[in-house]
Every structure is written in C-alpha cells, then in structure tokens.
Amino acid sequence: MARVTVTVNGELRAFAVTTRGMTIGRQLDNEIVLNHAIVSRKHARIELRGRQVWLIDLESRNGVTVNRLRVKEEQLGDGDVIGVGPFELHFEDRAAQSVVLDDNRYLPLTSDSRAIKTQELRLEPVDLQEFYKIGMCINQVLDFRELLDLVMEEVMRVVPAQRGFLLLRKGAELVPRVILPTGTGDVAISSSIVRKALEGGEAVLTRDARLDFAGANSIISANIRSAICVPLLLQGNAIGVILLDSAGREKFSERDRDLVAAIASFAAVSIERARLTEELRQQGQLRQNLERFLSPNVAHALARYVAEHGTLWEAQEQMVSVLFADIKGFTSLSERLSAHEVQDLLNEYLHEMTEVVFRHNGTLDKYIGDGIMAVFGAPRLPDEPVDEQHALRAVAAALEMQIAQQRLVSKWEANKTFMIRIGVNTGTAYTGFFGTRHRLEYTAIGDTVNTASRLEGTAEPGSVFIGQDTATFVEASFKLQEMGELQLKGKQQRVRAFKVIGPK
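Because the structure is a prediction, the values reported are computed rather than measured. (Residues numbered from 1 in each chain as written. Predicted model: local features only at pLDDT ≥ 70, side-chain atom pairs only at ≥ 80, totals over all residues. Heavy atoms only, no water.)

**Student:** Help me understand the pattern of salt bridges in this model?
**Tutor:** Any two side chains of opposite charge can pair, so long as their charged atoms come close to each other. Across all of its chains, the model carries 26 salt bridges by this definition. A salt bridge links E482 to R496, with the shortest nitrogen-to-oxygen separation between them at 2.7 Å. Of this pair, E482 sits in strand β27 (residues 478–486) while R496 sits in strand β28 (residues 495–503), placing them 14 residues apart in sequence. In this structure R496 comes out as partly exposed when scored by relative accessible area, which is 34%. (Salt bridge = Lys/Arg side-chain N within 4 Å of Asp/Glu carboxyl O. Helix = DSSP H or I, 4+ residues; strand = E, 2+ residues; numbered from the N terminus. Buried < 20%, exposed > 50% of the residue type's maximum accessible area, 1.4 Å probe, protein only.)

Shown next, in the form of structure tokens:
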C-alpha cells in the first residue's frame, strides 16, 4: 500500500508499510535502523490503521517532524517528509514494490488492440450484470485508497490473472498504486504495452508476451506470458492503466479485454472524483488553519501551494513592515467593566482591527492580550515577486485602524471609551511557519519586530509612530511629523521616529 524511502550511508533504501508496522531508531532490532547519536534507540513507529498510515513519536529525545513541523502522532500523506535526527524519510502513498518498464525483461511478441469506445465493447448479458454490480459498488466508495484497492480486487475477481497492476500518472511519472499479489522486489512489465495503452487510448490484448531472463530457449519457453492492458480514460486523456498478466499463451480472451476496458472506463471517473475530494479536503483543512491569521486570499494561495508541492517552505529572511497596536489604559478600563463586558468589547475590537489588517493584505501574527501584531510583505510564495508596497499598506492599515476604533467607541457608552496607539517599523526579519501540524503559527522574529513594538509603546494615544526606514518608503504618500531621535526601551541606540499625520 505504501512505502518509506531513506538514504543511509549513500544507499537509497525502501521499506514497505505492512500491517505489522515498523519501528525507526538506532537499535539494531528496528525495521529502519538509523545509526546516529541524536537518534533514540526506539525513536518512532509507523503503523497502519485501516488504510491510513500513522507516525508515532516513541517519546524520543529529539522528537520527530513531518514537513519540518514537530509532531507527536500524525497521519501521513503522499509526499510527506519525516525528520528523524539528521535523516529525511520520504513517505510515498503507492505500492511498496517498484515497477520497471523494460522490454528487455518483458518482451511482447504479438498483440491485438482496439480503441476504447464504450458503445462498441462486446459484453454478454451476464457481463453487463456483473459490470452493473461492480459500478454500483465502486460508486459508493469515496476514500481514494480504498477505491483503488477495490477496483483491482473486482477486476481480478471477474478476470482471474496471476498478477494485477494499477498505475496512475503523477506528473511525468507513472506510479504503481496497487500490485496484486503483494510481494517484495522489483517487477517488470512491458513499456511498449503500457505506452500503447496510454498514448493510443487502446485496450491491448497480448497473445504471447515473454519474460526474458537469460536468453536460453528452455527458460524463454517456460516464461511465455499473456497480458491485458487498458487505459483509465478521463475525457480522452489517460490518467493511468490497469494491467493483468498470467503465465502461458492465450490466457485471456477478447471478452476479458472488453470487460476490463468497461470497468476501467467507469473506474476512471470515480478515481478522479475521489482524488479531487481528498485534495479538496486536505486544502480545506489547511486553509481553515491558515485563515486564523492570514487574509482569505493569501490563505487560499498558500493552501494551493502546499497541495501542489506537498510542504511549506523554509523560514527566510526578508524585508517586511511590522505593526503593533495596543489599547491605552486597558487595565483601568477592565477595572470599570464586568468580565463579560470586557470580553464583548475586546472581541468586537479585535475583530474590527483584524478585518482592517486583512483588507490591506497583512498577516495577523498574534493577539497579545489587548494588543495586535501584524506583518506586511510576508508570507511570500517562493515564486512570487518581492512586495515593494508593504510599508505603504502597513501605514494605510494603521490609519484605518484608528478610524475604525473611533467608529467603535462612538456607539458605546462613555465608560467604554478608549484610545489606541500604533507603531510601524520596516526592515529585515526572519519569517516562517513555526509550531506543530495541529497548532501552526506564522511569525516574524528580529530587531525590526522589537523596534516596532517599542515605537508603539512610545506613541501618543490616538497616533501612529513609524521608524526611519518606514518613513523613507512612505514619505511621498503620507504627511509626516518628525519626532526626533527617541530612546526606546531596550535599545542602546536612539531611533529616529515620525508621527503619521495623514495621507497627502
């Protein structure tokens, strides 16, 4: 069903995930032995739960990561990268065995093929009844992995064969997803048979294909094979193939070929539907997580990127603008109000401020009590151009936050009146996703962030203070009042600050 690959001492090794599961660690009795000082004796375990594959940290000293995020227990998906000490283990949701397309080892001598046209398939009434039953059964399964297994089990039930393969396209690669019966070691199939089915959209029936091991006549004659190979067609394009083969000549009939072709035509639609459903479910879960702190359009773009590449990118140093906002005198305000009133006031205030941040394509970094930290200019997808407008958007958002705050307090009672102060600073910061897969946070770290926080603490109530670098970026668009060089808390050097009066 699945496998894990890892490079040890320069050698790429593959391990099949079976119902028995496997342990990973330094000790020699592990299925995957990783001999390194920072790998625990029993570091982690991979196990099957139904058709799902799970990774469990066995209370290791240095932990386990999945796609650079630390986990305790996590369901694995195709393409996930497991980190154990200095080793990277790659999880592949595919058949554990590798399939080799090689005509030198599997040489078709003669074959008969026909283009697949459903209305021309020659099926007897009993075959039509069987096809209907299989179609109803397939149509009820939504789980992608379960569906692939079911398709091959049904195909080999109605057309008994020695071996069965279901391979799906993944980019330029043809990935084996189901191999029956399961085993170990590479298996060879004919590249020309598969190519004819894929490129020609044809159902291929071979009369006497042979598996050529050594070239001796006795060996060749003992390894004559028959095969059926049909494409999984979706709107005229092949998304994969189903291949059956057995030892001996004339093992399959034209009726067998047409029945497999009919099942494959129906199965292709169900397979693509299940694949898209699984992809959308994963994107939806990720987008729901991301939308807690990113504007919806950015969250959607990131979810698409992860779906395409299978992982988040590494943290990076980049130019950003950081905004801090805080309620002046929140402690005294809390003393005047009941706990319930404070909660309602704070929830409405934070909601309004967050909406302003999102409107200007900012990223909500975190809430700090009654304070807000937001980042502009990040995250940036690796293939996106550098954002040159983040300082302008940060200052515009700060001014709009002051307006939104005034609008809020104007509709509240006098005892709920308050003012906010905001600081914005621009510079380099270390940005990235941190945390676990269940609690993922995007944040910025560095002196740029600290300075923005100190500017906010120095700002006058109802005002926006910005640093020198931010002023350089926005002075053509906003009226600024120089506040001189300020001695900010925790900073050895004085910082030149400006107050934003408004847009020019």
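Still more ground to cover, so stick around.
**Student:** Explain the sheet that holds strand β3 (residues 22–25) here, please?
**Tutor:** Backbone hydrogen bonds are what pair the strands of a sheet, in a parallel or an antiparallel way. Strand order in this open sheet of five strands is β4-β3-β5-β6-β9, and the pairing throughout is mixed. Strand pairing shows two members of the sheet lacking a second neighbour, β4 (32–33) and β9 (73–75), which therefore form its edges. Alignment of β3 against β4, held across two bridges, turns out to be parallel. Across the sheet, G25 pairs through a bridge with V33, a residue of β4. (Pairing = 2+ DSSP bridges.)

**Student:** What exactly am I supposed to notice about the nonpolar core here?
**Tutor:** If you look at soluble globular proteins, the nonpolar side chains tend to sit buried side by side. Ranked by internal contacts, the top residues of the largest apolar core, which has 41 residues, are L323, Y349, M401, F418, I422 and I466. Sorting elements by how many residues they give to this core places helix α9 (residues 390–410) first, with 10 residues. With residues near it in sequence (within four places) discarded, F418 still touches I327, L333, L345, Y349, Q405, V409 and W412. One finds L147, I239, L259 and A267 within the second-largest nonpolar core, a separate group that totals 35 residues. (Core = buried A, V, L, I, M, F, W, Y, C linked by side-chain atoms within 4.5 Å. Contact = heavy atoms within 4.5 Å.)

**Student:** What am I meant to see in the environment of K411 here?
**Tutor:** Summarising the element assignment, K411 is placed in the loop between α9 and β24 (419–435). For K411, a relative accessible area of 56% gives the class exposed. At a separation of 3.0 Å, a polar atom in the side chain of K411 contacts the side chain of E348. (Polar contact = N/O pair within 3.5 Å; in protein donor to acceptor, adjacent residues only side chain to side chain.)

**Student:** Where do I start with the pairing of strand β6 (residues 52–57) in this structure?
**Tutor:** In summary, the side chains of a regular strand alternate between the two faces of the sheet. Of all six residues in β6, five are buried; the element is thus mostly enclosed. With six bridges joining them, strand β5 (residues 44–49) and β6 adopt antiparallel strand pairing. Bridging across to β6, A44 finds its partner in D57. Here β5 folds back onto β6, and the loop between the two strands holds two residues, one of which, G50, carries a positive phi near 70°.

**Student:** Is there a simple way to explain helix α10 (residues 447–458) in this structure?
**Tutor:** A turn of α-helix holds 3.6 residues, and therefore any two residues three or four places apart point the same way. An ideal rise of 1.5 Å per residue puts 16 Å on 12 residues; α10 measures up with 16 Å between its terminal C-alpha atoms. For α10, the set of buried residues is T448, V449, T451, A452, L455 and E456. The buried residues of α10 occupy an angular sector of 165° when the element is viewed end-on, so they sit on one face. (Expected span 1.5 Å × (residues − 1). Arc of directions from axis to C-beta.)

**Student:** Would you mind going over the sheet that holds strand β2 (residues 11–17) with me for this structure?
**Tutor:** If you trace the six strands from one edge of the open sheet to the other, you get β2-β1-β11-β10-β7-β8, paired in antiparallel fashion. The two strands at the open ends of the sheet, each matched to only one other strand, are β2 and β8 (69–71). Strand-to-strand, the axes of this sheet are offset by a mean angle of 30°, without reference to chain direction. (Axes fitted to C-alpha atoms, helices over the stretch in contact; angles between N-to-C directions.)

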